[in-house]
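# Coordinate inspection notes
One letter stands for each residue in the lines below.
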Amino acid sequence: MTEYTHYNLILFRVNDSKTSLLKMNIFKAFALFVPVLAACGSRAFASEDSNAHPAIDVAENVTQLSHGNESETQLSAGFHWDIDAPEYSIKKAAKVKRGRVLEKIILTRKMKGTILRAHNRARSITKPSATNMLKMTWDNNLAATAQAYTRKCIYEHNPNPEHTRFSYVGENLFISMGLPFDASLLDHAVRAWDEEKSVYNYNTVTCRRGKICGHYTQVVWAESFKVGCGVTRCGSIDVRGRKWKDAILFGCNYGPGGNYRGEKPYKSGRACKKCPGADKCSGKLCSNPIRDRIFFNPKMARWSPWSSWSQCAVTCGMGSQKRTRKCNTGVATDCNGYAAEIKHCVKGPCTTNQSSYRFDIILGEDEELDMDSLLNLFRNGNSLHMKSR
């Protein structure tokens, strides 16, 4: 009985050149990915053995606001802060009521600078060091989303943080009660997220058992290069069934969001060695004047040159080749066209235990095969057996 090798011919886009093997429908490949997990801290990276409210390491010190053992910490009588916001659920949302807004705080330029410095400091001192870490800059749309959500005075993650450029947005939340609000509190919040690195294992991409570390991984997610934050003083707010009064709710959104299951937040190696081609190294971070702009200008979006075609993915039979390019803004959809092209290639028929060479090519119902391009791939005496589905 003859054995056949079947090849699924599935393309994102095929070059229209005569050198392409197949003529098929064209699909857009904009490099948009749907993550398995959202990039909110606690839900994105948590130990599988963690309980309802796992803790990170924080310390108890009112004056210095240093970090040590619990995600919810009582610094002294009446002083609390927490970063482990519950997950949003429709069932629970029906019971959770908005808290009372006491003050609609507007972040000053100095406060925004404090937030950015805290994030980029954390991104520049990772262990192991990061070789592809992008510099993080401010985004007004992300900030507007974060501000609008904190105005609800609900301490649970936003179920749908949207953005016009990023298909997926990450989120970290911080809440405090009894602590004075100023720039140092914002710095403390980012440091609290970053301190989860003490329970994160880079090599195994896991948190320590019973701990959470997704706030940290979002802060240092290499490809998240925009952040925008908002803050509100809430007269009362529900924190896992307890009422906190005169609380500060602080949230940051990240674009594009990170925390993809099983992926490391960055590539390890010498700082800036794997920055995108046009970037410069600034403080161990990859910096680009186009990508780092606060105000996005669509007219400045440009594709990089195409990469070379990859080698055929197989040694015999039907395989594929791929080439890619990047948009200088860091967001593929900012540039018109495709971020990737994939075409098929043939490395000659695979051998069988028969006297002739045969293999099947399986096509989708809307796919066409360019027969002429196959003729020179077969020696005299070999047969081509075609099947369709």
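This text follows the structure it describes.
In this report, we go over the structure that sits alongside the text. Every value quoted in this text rests on a predicted model; they were computed, and no experiment measured them.

## Section: the overall build of the protein
Helix and strand counts for the protein stand at 7 helices and 18 strands. Per-residue burial for the protein yields a buried fraction of 51% across its 389 residues. When contacts within the protein are restricted to residue pairs at least 6 apart in sequence, those whose partners lie at least 24 apart make up 72%. Carbon and sulfur atoms provide 49% of the accessible area of the protein, an area that totals close to 20000 Å².

## Some words on empty space enclosed by the protein
Regions of empty space are outlined by a rolling probe, equal in size to a water molecule, passed over the atoms. All told, the structure shown has 1 cavity of 30 Å³ or more when counted by the stated rule. Its volume calculated, the largest cavity comes out at about 70 Å³. What lines the largest cavity is Arg165, Phe225, Lys226, Ile290, Arg291, Arg293, Phe295, Phe296, Asn297, Met300 and Thr329. The class makeup of the residues in the lining of the largest cavity is 5 nonpolar, 2 polar and 4 charged.

## Observations concerning the side chain of Arg325
Note that Arg325 resides in the loop between strand S14 (318-324) and strand S15 (340-346). Despite being buried, Arg325 has no salt bridge partner; Glu341 is the closest side chain of opposite charge, sitting 6.2 Å away. Of the polar contacts made by the side chain of Arg325, one reaches the backbone oxygen of Tyr338; its length is 2.6 Å. Dropping the residues within four chain positions of it, Arg325 is found in contact with Trp303, Ser304, Pro305, Trp306, Asn336, Gly337, Tyr338 and Ala339.

## Re the pattern of salt bridges
Enumeration according to the criterion identifies 9 salt bridges in this entry. Ionic pairing is found between Arg240 and Asp82, a salt bridge with its closest N-O pair at 2.8 Å. Of this pair, Arg240 sits in the loop between strand S10 (226-239) and strand S11 (242-255) while Asp82 is found in strand S4 (residues 79-82), placing the two residues 158 residues apart along the sequence. Taking the shortest distance from any N to any O, the salt bridge between Glu341 and Arg323 comes out at 2.7 Å. Taken together, the positions of Glu341 in strand S15 and Arg323 in strand S14 put the pair 18 residues apart, joining distant regions of the chain. This pair shows no difference in class: Glu341 is buried, exactly as Arg323 is.

## Let's talk about the pairing of S11
Among the 14 residues of S11, 10 are classified as buried, and the element is accordingly described as predominantly covered. Bridging between strand S7 (residues 170-177) and S11 involves 8 bridges; their strand directions are antiparallel. Residue pairing for S11: Ser176 is matched across the bridge by Ile248. Here S10 folds back onto S11, and the loop between the two strands holds 2 residues, one of which, Arg240, carries a positive phi near 50°.

## A few points about the packing of aromatic side chains
Throughout the structure, instances matching the rule amount to 7 aromatic pairs. Consider the rings of Tyr200 and Tyr216, whose centres lie 5.8 Å apart with planes at 55°: the pair is tilted. Of this pair, Tyr200 sits in strand S8 (residues 200-201) while Tyr216 sits in helix H6 (residues 214-219), and the two are 16 residues apart along the sequence. Just as Tyr200 is buried, Tyr216 falls in that class too. Through a chain of ring-to-ring contacts, the aromatic side chains of Tyr168, Trp221 and Tyr260 assemble into a single cluster. The ring of Phe296 carries the charged tip of Arg165 above its face, separated from the ring centre by 4.1 Å. Seen from the ring of Trp309, Lys343 lies directly overhead, with NZ or CZ sitting 4.5 Å from the centre.

## A short note on the packing of helix H3 (residues 109-124) against helix H5 (residues 183-194)
Helix packing for two helices is described by the angle between their axes and how far apart those axes are. Where H3 meets H5, the closest approach of the two axes is 9 Å, and the angle between their N-to-C directions is 25°. Judged on the interaxial angle alone, H5 and H3 are roughly parallel. Taken as a pair, H3 and H5 cross one another with a handedness that is right-handed. Contacts between H3 and H5 involve Met111, Thr114, Ile115, Ala118, His119, Arg121 and Ala122 from the former and Ala183, Leu186, Asp187, Val190, Arg191, Trp193 and Asp194 from the latter. Residues belonging to the contact of H3 with H5 are distributed by class as follows: 8 nonpolar, 2 polar and 4 charged.

## Points about the state of the cysteines
Across all of its chains, the model carries 7 disulfides by this definition. One disulfide bridge connects Cys312 with Cys345, the sulfur atoms lying 2.0 Å from each other. Its S-S torsion of approximately 90° makes the covalent link between Cys312 and Cys345 right-handed. With a gap of 33 residues between them, Cys312 in the loop between strand S13 (285-287) and S14 and Cys345 in strand S15 connect regions that are remote in the sequence.

## Topic: the side chain of Ser287
Note that Ser287 resides in strand S13. Residue class for Ser287 comes out buried when judged on its relative accessible area of 16%. Within the local environment of Ser287, its side chain forms a polar contact with the side chain of Asp292, the two groups lying 2.8 Å apart. Beyond its immediate stretch of four places on either side in the chain, Ser287 contacts Lys135, Asp279, Lys280, Ser282 and Asp292.

Reading guide: rules and limits
Numbering of residues starts from 1 in each chain and follows the order in which that chain's sequence is written. With pLDDT at 70 or above as the cut-off, local features in this predicted model cover only qualifying residues; side-chain atom pairs require 80 or more to be listed or tallied, and sums for whole chains, interfaces and linings still use all residues. As a rule here, side-chain values come from all non-hydrogen atoms in the structure, and water together with hydrogens is ignored. Labels follow the DSSP assignment, with helices taken as runs of H or I lasting at least four residues and strands as runs of E lasting at least two, numbered in each case from the N terminus. Throughout, exposure labels follow a simple rule: accessible area from a 1.4 Å probe, protein chains only, divided by the maximum for the residue type, with under 20% read as buried, over 50% as exposed, and the rest as partly exposed. Here, two residues are considered to be in contact whenever any of their heavy atoms come within 4.5 Å of each other. We get accessible surface area from the Shrake-Rupley algorithm with a probe of 1.4 Å; when it comes to residues, only the shown protein chains can shield them. Using a 1 Å grid laid over the protein atoms alone, points where a 1.4 Å probe fits but cannot get out form a cavity; open sets with protein on both sides within 12 Å along at least 5 of 7 lines form a pocket; any residue with an atom within 4 Å of a point counts as lining. Grid points are joined across faces, edges and corners, and a volume is the space filled by probe spheres set on the points. For this classification, the nonpolar set comprises Ala, Val, Leu, Ile, Met, Phe, Trp, Tyr, Cys and Pro, the charged set comprises Asp, Glu, Lys and Arg, and every other residue, Gly included, is treated as polar. As used throughout, the charge tally considers Lys and Arg to be positive and Asp and Glu to be negative, leaving His and the chain termini uncounted. Definition used for salt bridges: Asp or Glu carboxyl oxygen within 4 Å of a side-chain nitrogen of Lys or Arg. Here a polar contact is recorded for every N or O atom pair within 3.5 Å, except that within protein the pair must consist of a potential hydrogen donor and a potential acceptor, and residues adjacent in sequence are included only if both atoms are side-chain atoms. Any two strands with at least two DSSP-identified bridges between them are counted as paired. We call Phe, Tyr and Trp rings a pair once their centres come within 6.5 Å, taking the six-membered ring for Trp, and we label the pair stacked below 30 degrees between planes, edge-to-face above 60, and tilted otherwise. Only when the NZ of Lys or the CZ of Arg is both within 6 Å of the ring centre and within 35 degrees of the ring normal is a charge said to sit over the ring. Every axis corresponds to a line fitted to the C-alpha atoms, with the helix fit spanning only the stretch in contact, and the corresponding angles, defined between N-to-C directions, vary from 0 to 180 degrees. Between 65 and 115 degrees an angle is taken as roughly perpendicular, under 35 as roughly parallel, over 145 as roughly antiparallel, and anywhere else as oblique. Each helix crossing is assigned a hand: it is left-handed if the near helix lies turned anticlockwise from the far helix by less than a right angle, otherwise right-handed if that turn is clockwise. The disulfide criterion used throughout: a pair of cysteine sulfur atoms within 2.5 Å.

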